[in-house]
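Coordinates in review
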Amino acid sequence: MHSLGPGADLEAEWVAAGLRLPDRTAIRRYRLERVRSQLRAAGCDAALLYDPMNIRYATDTTNMSIWTMHNPVRYALVATDGPVVVFEFSKGEFLDTHSEVVDEIRPGLSYTYFYAGTRAEEIADGWAGEIADLLGEHGRGDRRLAVDRLDPIGMRALEDRGVVLVDACALMEEARVVKSSEEIAAMRCAVHACEAAIAEMRAAFEPGVTEMALWSVLHAGNIARYGEWIETRLLASGPRTNPWYQEVSSRRVQAGELMGFDTDMICAYGACVDISRTWLCGGGRPTPAQHDVWSMAAEQIERNTELHYPGASVHEIVERSWYPSLDEYNYYTVLSHGVGLCDEYPSVFTRERWGRHGYDAELQPGTVMCVEAFVGSKSGGEGVKLEEQILITETGHERLSTYSLDLV
Amino acid sequence: MQPNGSAGGGRAGDAARVAMELDRLARLQAELVAHGCDAGLFYDPNNIRYATGTSNMDVYVLHIPCRYAFVPAEGTVTLFDFKACEHLSEGHPAVGEVREATNWFHFFTGSRTEEYAGRWAAEVADLLGAGRPPGHGSKRLAVDRLDPYGLRALGQHDVEVVDGGEIANLARVIKSDAEIAAMRVALAACERAIGAMEAALKPGMTEQELWAVMHRIAIAEGGGWFETRLLTSGPRTNPWFQECSDRVIGTGDLVAFDTDHIGVGGYAVDISRTWLAGDARPTTEQRTMYAAAHEQVQRNIEMLQPGMTFAEVSERAHRPPDELHFPPGNAVVVHGLGVSNEYPLVVNRELFGTDGYDGVVEPGMVLCVESLVAPAGRPEAVKLEEQVLITETGAEVLSAYPFSEALLD
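Everything numeric here is computed off the predicted structure, so don't read it as measured data. (Residues numbered from 1 in each chain as written. Chains lettered and ligands numbered in written order. Predicted model: local features only at pLDDT ≥ 70, side-chain atom pairs only at ≥ 80, totals over all residues.)

Digging into the overall build of chain B
A tally of helices and strands in chain B yields 14 helices and 17 strands. Compactness check: chain B gives a C-alpha radius of gyration of 23 Å against a globular reference of 22 Å for 409 residues, within 12% of the reference. Projected onto the principal axes, the alpha-carbon positions of chain B cover approximately 75 × 45 × 45 Å. Pairs at least 24 apart in sequence give 68% of the contacts found in chain B among residues at least 6 apart. (Helix = DSSP H or I, 4+ residues; strand = E, 2+ residues; numbered from the N terminus. Rg over C-alpha atoms; globule rule 2.2 N^0.38 Å. Contact = placed C-beta atoms within 7 Å.)

Here it is as structure tokens:
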């Protein structure tokens, strides 16, 4: 009943563009097996998942995803050698019947203050009892449970019942990091939809338009194409482009100014499309200063993209990466990062941050990375944000994003 | 620099916003003191915004806990923000200091998670102990979101952790006049988006095309995000809680939606309307359901008085005739609203004993009054919801968007 899809018109548009529609059953089976194989390797009886991205990954079900990010009322228990149980929000049990990897749907319990008021501990006790019973029934006896998000009340209630808690975030990231060909097929459709919405924003990019009005076009284009939300509000113009991270405002973009944006978009099929572009308002020629920062950002993207191939280590990418001097230019936090259902593992930090923040990993075929650049002078003036989404293949990499990187 | 989270409005608008932000911080600190806490640590971006007025990649932050606010029982906030985001706190005087956040989620830390959690806990413990002589016993810290790594790392220090969700909810529940003024701005903007959506509604368009109109106008008005995707049509309205889809809306279909919008200035707008699509006459069943939902909302708004207990609200709440009401499709009579959906929650009388909790309705609360008429086995449902302010004498309706004349006839 609740099986959501793009609809015939969008499917026809994607097929006409030479794209293949994904086999969603194959995606569900592939993902569940990825999770279980991680659970086996970690010696866990089950994973208890609250993050809606992790629930979507393991079960292909959704319900009020953003709301559940701050109202933890919906969760899934994935047994290593047992059932997948979705604990659904009140009255929503019928929402998950389309997914053949879901074995059982039960009403969820919440001990948050909003739901439980002064009864939090009583409700947490009942909640923990149900989880512990499932572990007793389907586990091997040591009650080792991986959790991706768990507040102190729940943690204490489970530990009181002898449940041993380990971190599910790490193993879910390890599961998610290698995409199947069907997942990539879905992501290609999502990129097509995102770039169609970007083209609509481009058409609305006239001198005098507010940042918010432009941003609204991207939102509408995403929603109308089976997309779900945008994670951030990163669209800024003129002096607001540097330093980066200023959120979209009521400022009007003037002719001759730069405007940069980062899509951070949860698109069709729940795939994240995370690319950035910077455009010159009103056409014409960029000033030398605009051209300088743009060409450095473009060079950073081009040179660092070349370092991404199977077998490359994160440390090696960091060592060999190119970016402008951090003494002279404001920069972006990471050189590249993984992407799938949202920003994912791994993160590639700058050389300057490597010792304090960096960790190593090896790129594998099937991983999708976003290669980043922001360049804005520390002495002021406008900045340029660019970002490309690439697939690590068996032999190198392939760009998934196709929209031009040019300013005009 | 125009502060993040500011809708503009010039110097007078900025002064009012700053006063509101400082007042909210004071409310949060009063609640920390009432719970015997030395400080609070807040990860929920709605709580961070409440305490500081700042926002930064909020939806992302909801699932990637990468920024947090340390709120001492007195004094200004130390905001731990994303790297290179110090400039985002300019114009928000509740923030006394900005530091780079130390996070321990796997995407950032890989194999070094415990090392990071240890570093994070040491810094928090240091802030908690700042200015106090050693040997004065443990410090009490309220935290609204804390995963096992963090709780264990704090356990290495003399820190007692209590639920910050309760404290934040109790601080947020009573709104100042400035907050109500901000909420009215958010409502007006959202209602322009609803109006654009009603004007655009035509048989032949998909649900997601219609929902896109709502996003386009609300975001252009300066709104934030939509918490849910609850817009459905025809047979997808019942049971309720299905998400917006590619279904093509037909003439004579009911179209129902719930805004669940975090609007301009960070204030939530949570209202629901149901419309009739196209140039059609409503069926008797559609009119009957609509009238029942409308009556439920109106009578429950009239019922609300300051001083009532939640148990009384639940017990006395009007509900539609049994054949339209059972089994109840929506368990909620009213719930609170502010910078998001919040305390309190008052459930139906059937559920109050098992799921409910008690409390008192007070002036300054904003409540959403709900109705869902979704008869079992029938093709369609009607969803209505109004946003009201509890005053000294009753309930004032804040939402102004009209009900459907076609369905009320």
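After presenting the structure, the write-up continues.
Concerning the overall build of chain A
The helix and strand tally for chain A stands at 13 helices and 18 strands. Compactness check: chain A gives a C-alpha radius of gyration of 23 Å against a globular reference of 22 Å for 408 residues, within 12% of the reference. Once the C-alpha set of chain A is aligned to its principal axes, its extents read approximately 70 × 45 × 45 Å. Contacts in chain A between residues far apart in sequence, at least 24 positions, make up 68% of those at least 6 positions apart.

Quick word on the domain arrangement of chain B
Residues and elements named next belong to chain B. Here chain B is partitioned into domain 1 (10-172) and domain 2 (177-408). Inter-centroid distance (C-alpha atoms) of domain 1 to domain 2 is 33 Å. Across the boundary between the two partners, domain 1 contributes 13 residues, which contact 11 residues of domain 2. Elements with a minimum of two residues in the side of domain 1 that touches domain 2: α1 (10-34), α2 (45-52), α3 (58-63) and α7 (164-172). Looking at which element gives the most residues to the side of domain 1 that touches domain 2, the answer is α1, with 4 residues. Considered class by class, the residues forming the side of domain 1 that touches domain 2 number 6 nonpolar, 3 polar and 4 charged. (Domains from an automatic or database assignment. Nonpolar A, V, L, I, M, F, W, Y, C, P; charged D, E, K, R; others polar.)

Some points on the domain arrangement of chain A
Residue and element names in this part refer to chain A. Domain boundaries assigned for chain A yield domain 1 (8-175) and domain 2 (181-399). In this structure, domain 1 and domain 2 have C-alpha centres spaced 31 Å apart. Counting from both sides, the interface comprises 16 residues of domain 1 and, opposite them, 17 residues of domain 2. For the side of domain 1 that touches domain 2, the secondary structure elements donating two or more residues are α1 (8-16), α2 (24-41), α3 (52-59) and α4 (65-70). Looking at the side of domain 1 that touches domain 2, its residues break down into 11 nonpolar, 1 polar and 4 charged.

A short note on the interface of chain A and chain B
Counting from both sides, the interface comprises 72 residues of chain A and, opposite them, 69 residues of chain B. Elements represented by at least two residues in the side of chain A that touches chain B include exactly α4, α5 (113-116), α7 (152-160), β6 (164-167), α8 (168-176), α10 (211-224) and β15 (343-349) of chain A. With 9 residues, α10(A) is the single largest residue contributor to the side of chain A that touches chain B. Class assignment of the residues belonging to the side of chain A that touches chain B gives a composition of 38 nonpolar, 20 polar and 14 charged.

Describing the sheet that holds strand β5 (residues 144-147) of chain A
Residue and element names in this part refer to chain A. The strand order across the open sheet formed by 6 strands is β4-β3-β2-β1-β5-β6, and the pairing between neighbours is mixed. Single-partner strands in this sheet number two, and they are β4 (104-107) and β6. Pairs of neighbouring strands in the sheet enclose a mean axial angle of 25°, with direction left out of account. Relative to β6, β5 is paired through 4 bridges, and the arrangement is parallel. Of the residues in β6, the one forming a bridge with Leu-145 is Leu-165. Together, β1 (46-49), β2 (75-79) and β3 (84-88) form the strand contacts of α3, whose direction differs from that of β2 by roughly 45°. (Pairing = 2+ DSSP bridges. Axes fitted to C-alpha atoms, helices over the stretch in contact; angles between N-to-C directions.)

Quick look at the nonpolar core
One broad rule of soluble globular proteins: the nonpolar side chains tend to lie buried together. Residues A:Ala76 and A:Ala190 are the most contacted members of the largest nonpolar core, which totals 272 residues. Beyond its immediate sequence surroundings of up to four residues, A:Ala190 is in contact with A:Cys267, A:Ala268, A:Tyr269, A:Ala271 and A:Val273. (Core = buried A, V, L, I, M, F, W, Y, C linked by C-beta atoms within 7 Å. Buried ≥ 20, exposed ≤ 12 C-beta atoms within 10 Å, placed from the backbone.)

A closer look at the pairing of strand β9 (residues 254-258) of chain B
Residue and element names in this part refer to chain B. The element β9 is extensively covered by neighbouring structure, given that 5 of its 5 residues are classed as buried. Of the two faces of β9, the one lined by Leu-254, Ala-256 and Asp-258 and the one lined by Val-255 and Phe-257 are each fully buried. In the sheet, strand β8 (residues 231-233) pairs with β9 via 3 bridges, with the strands oriented antiparallel. Paired with Leu-231 across the bridge in β9 is Phe-257. Relative to strand β12 (residues 272-276), β9 runs antiparallel, the two sharing 5 bridges.

Focus: the confidence of the model for chain B
Residue and element names in this part refer to chain B. Averaged over chain B, the pLDDT score is 93; the fraction of residues at 70 or greater is 95%. With pLDDT under 50 throughout, residues 5-9 is counted as low confidence; its partners more than four residues away or in other chains account for 16 contacts. Taken over the whole predicted complex, pTM reads 0.95, whereas the ipTM for its chain interfaces reads 0.94. (pLDDT = per-residue confidence, 0-100.)

Some thoughts on the sheet that holds strand β7 (residues 225-226) of chain B
Residues and elements named next belong to chain B. Reading across from one edge, β7-β10-β11 is the order of the 3 strands in this open sheet, with antiparallel pairing throughout. Two strands in the sheet have a free side with no partner beyond their single neighbour: β7 and β11 (268-269). As paired strands, β7 and strand β10 (residues 261-262) are joined by 2 bridges and run antiparallel to one another. When the bridges of β10 are listed, Phe-226 appears paired with His-261.

A word on α7(B)
Most of α7(B) is tucked away: 9 of the 9 residues are buried. Every buried residue of α7(B) is listed here: B:Gly164, B:Gly165, B:Glu166, B:Ile167, B:Ala168, B:Asn169, B:Leu170, B:Ala171 and B:Arg172.

What to know about the environment of A:Ala146
Residue and element names in this part refer to chain A. Along the chain, Ala-146 falls in strand β5. The spatial distance from the C-alpha of Ala-146 to the C-alpha of Ile-184 is 27 Å, given a sequence separation of 38 residues. Dropping the residues within four chain positions of it, Ala-146 is found in contact with Leu-39, Ala-42, Cys-44, Ala-47, Val-166, Asp-167, Ala-168 and Leu-171.

Comments concerning the environment of B:Asp177
Residues and elements named next belong to chain B. Within the fold, Asp-177 resides in helix α8 (residues 177-200). Residue Asp-177 is classed as exposed on the basis of its C-beta count, with 10 C-beta atoms lying within 10 Å. Separated by 187 residues in the primary sequence, Asp-177 and Gly-364 place their C-alpha atoms 8.2 Å from one another.

Some details on the packing of α10(A) against helix α9 (residues 207-220) of chain B
Two numbers describe how α10(A) lies on α9(B): the axes approach to 8 Å, and their chain directions differ by 165°. Here α10(A) lies roughly antiparallel to α9(B), going by the angle between them. The handedness of the crossing between α10(A) and α9(B) comes out as right-handed. Of the residues in α9(B), those touching α10(A) at A:Met212, A:Ala213, A:Trp215, A:Ser216, A:Val217, A:His219, A:Ala220, A:Ile223 and A:Ala224 are B:Gln208, B:Glu209, B:Trp211, B:Ala212, B:Val213, B:His215, B:Arg216, B:Ile219 and B:Ala220. Across the contact of α10(A) with α9(B), the residue classes tally to 12 nonpolar, 4 polar and 2 charged. (Parallel < 35°, antiparallel > 145°, perpendicular 65-115°, else oblique. Left-handed = near helix turned anticlockwise from the far one by under 90°.)

A word on the packing of α8(B) against α9(B)
Residue and element names in this part refer to chain B. In contact at an axis separation of 8 Å, α8 and α9 are set at 145° when each is read in the N-to-C sense. Between α8 and α9 the crossing geometry is right-handed. Residue-level contacts link Ala-189, Cys-190, Arg-192, Ala-193, Ala-196, Met-197 and Ala-200 of α8 to Leu-210, Val-213, Met-214, Ile-217 and Ala-218 of α9. Of the residues belonging to the contact of α8 with α9, the class tally is 11 nonpolar, no polar and 1 charged.

Focus on unusual backbone geometry
Residue and element names in this part refer to chain A. Look at the link from Asn-242 to Pro-243: it is a cis peptide, with omega at 0°. Phi is positive for Arg-143, close to 50°, though the residue is something other than glycine. The residue Arg-143 is located in the loop between α6 (120-138) and β5 in this model. The exposure class assigned to Arg-143 is partly exposed, which follows from the 19 C-beta atoms found within 10 Å.

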